[in-house]
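Structure assessment
As a plain string of letters, each chain reads:
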Amino acid sequence: MNISIRFIGILFFCFCSCKSLNDEKERQIEQSSILSDDKVVILLNSDHYKWLNENYGYQKWQPKENEIMSIQEIIDKAIKNEEFDFLKKSINENINKYYRQYIPYINKKGEKVIEINAFCEILEIPPLPESESTQWTKMDWKNEYIVVDDGGNCYWQITINIDTKTYKNLTVNGVG
């Protein structure tokens, strides 16, 4: 009897261990498919996120693929409301041309929100004056939140509430 209980306990432990490994593997596969688009990155550790946390107390969360996919539905709603008139062609045709940084956070109401920062090109930074190099370097957009003054419709931001399926704060740089 004692051996049977141990054996059942070991089987249960192995089952739970395999389950958590499978869950982790599924999460990694899910993440890799989300980020398979080389123009999309989820920023969880950027200075901008730290600023949101320090100033508003927002906590980060890791979006799942279905939550990322729901973003397109919400953007489609903004298109129907003609919020994306600043683009010459339909956003559906153009959205994949933009680099997009997703900053997920939980607001004060406990709702899941994703701030999207979009830009059509990755800018280069000149070398520091004291540097001997003359080489310009591309901004590290996959790790640093990109902030650009002006730039027109090459740069836009929108805040999407995943829980309420709503959007707000659609802003376009330099469009009057």
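The structure this text deals with has already been given above.
The residue count restarts for each chain, going from 1 along the sequence in the order it is written. Confidence filtering applies because this is a predicted model: local features only for residues at pLDDT of at least 70, side-chain atom pairs given and counted only at 80 or more, and all residues used for totals across whole chains, interfaces and linings. Side-chain metrics in this entry use all non-hydrogen atoms of the structure; hydrogen atoms and water are not considered.

Strands are runs of DSSP state E lasting at least two residues, helices are runs of H or I lasting at least four, and both sets are numbered from the N terminus onward. When helices and strands are tallied, the chain shows four helices and seven strands. Helices (α) and strands (β) of the chain occur, in sequence order from the N terminus, as α-β-α-α-α-β-β-β-β-β-β. Sequence-distant contacts in the chain: of pairs separated by 6 or more residues, those separated by 24 or more amount to 59%. On the chain, roughly 11,600 Å² of surface is accessible, and the fraction owed to carbon and sulfur atoms is 53%. In what follows, residue pairs with any heavy atoms lying within 4.5 Å of each other are defined as contacts. Per-residue and other accessible areas follow the Shrake-Rupley method at a 1.4 Å probe size, with only the shown protein chains counted as cover for residues.

Attention now goes to the pairing of strand S2 (residues 99-106). Note on classification: 1.4 Å probe, protein chains only; a residue is buried when its accessible area is under 20% of the maximum for its type, exposed when over 50%, partly exposed between these limits. Among the eight residues of S2, seven are classified as buried, and the element is accordingly described as predominantly covered. Hairpin geometry of S2 and strand S3 (residues 112-119) is characterised by an intervening segment of five residues between the two adjacent antiparallel strands and by a positive phi of about 85° at Gly110. Paired strands, in this sense, are two strands between which DSSP finds at least two bridges.

Read from one edge of the open sheet, five strands run S1-S2-S3-S6-S7, paired in mixed fashion. The outermost strands of the open sheet, each flanked by one partner alone, are strand S1 (40-42) and strand S7 (166-172). When the angles between neighbouring strand axes are averaged without regard to direction, this sheet yields 15°. Note on geometry: axes are C-alpha line fits, over the in-contact stretch for helices, and angles between N-to-C directions span 0 to 180 degrees. Against the sheet, helix H2 (residues 47-56) contacts S2 and S3, and its axis sits at roughly 25° relative to S2.

A few words now on the state of the cysteines. One covalent bond between the sulfur atoms of two cysteine residues makes up a disulfide. Disulfide assignment relies on a single distance test, namely cysteine sulfur atoms paired within 2.5 Å. Under the counting rule described, the total for this entry stands at one disulfide. What pairs with Cys120 in a disulfide is Cys154, and their sulfur atoms sit 1.6 Å apart. The sign of the S-S torsion, about -100°, decides the handedness of the disulfide formed by Cys120 and Cys154: left-handed. Of this pair, Cys120 sits in the loop between S3 and strand S4 (124-125) while Cys154 sits in the loop between strand S5 (137-138) and strand S6 (155-161); the two residues are 34 residues apart in sequence, bridging distant segments of the chain.

Moving on: the layout of surface pockets. Its boundaries defined by the atoms lining it, the second largest pocket holds a volume of some 160 Å³. If you trace the second largest pocket, you find it lined by Tyr58, Tyr105, Asn107, Lys109, Glu111, Val113, Thr159, Asn161, Thr166, Tyr167 and Lys168. The set of elements that each furnish at least two residues to the lining of the second largest pocket consists of S6 and S7. Counting residues per element, the lining of the second largest pocket draws most heavily on S7, which supplies three residues. Cavities and pockets were defined on a 1 Å grid built over protein atoms only: a cavity is a set of grid points that admits a 1.4 Å probe from which the probe cannot escape, a pocket is an open set flanked by protein on both sides within 12 Å along at least five of seven lines, and lining residues are those with an atom within 4 Å of any such point. Grid points are joined across faces, edges and corners, and a volume is the space filled by probe spheres set on the points.

Further remarks concern the packing of aromatic side chains. Two aromatic rings, taken as a pair, are described by how far apart their centres are and by the angle between their planes. Only centres within 6.5 Å qualify two rings of Phe, Tyr or Trp (six-membered ring in Trp) as a pair; their planes then separate them into stacked at under 30 degrees, edge-to-face at over 60, and tilted for everything else. Under the counting rule described, the total for this entry stands at seven aromatic pairs. Centroid distance Tyr98 to Trp156: 5.6 Å. Interplanar angle 75°. Geometry classified as edge-to-face. Here Trp156 lies in strand S6 and Tyr98 lies in the loop between helix H4 (91-94) and S2, a separation of 58 residues in the sequence. Trp156 matches Tyr98 in its accessibility class, with the two residues each being buried. Centre to centre, the rings of Tyr99 and Trp141 are 5.1 Å apart; their planes meet at 70°, and the pair counts as edge-to-face. Taken together, the residues Tyr99 in strand S2 and Trp141 in the loop between S5 and S6 connect sequence positions 42 residues apart. When sorted by exposure, Tyr99 lands in the same class as Trp141, which is buried. Among the aromatic side chains, those forming a connected cluster through ring pairs are Trp51, Tyr56, Tyr58 and Tyr105. Stacked on the ring of Tyr99, the Lys or Arg Lys39 has its end atom at 4.8 Å from the ring centre. Whether a charge sits over a ring depends on NZ of Lys or CZ of Arg being within 6 Å of the ring centre and within 35 degrees of the ring normal.

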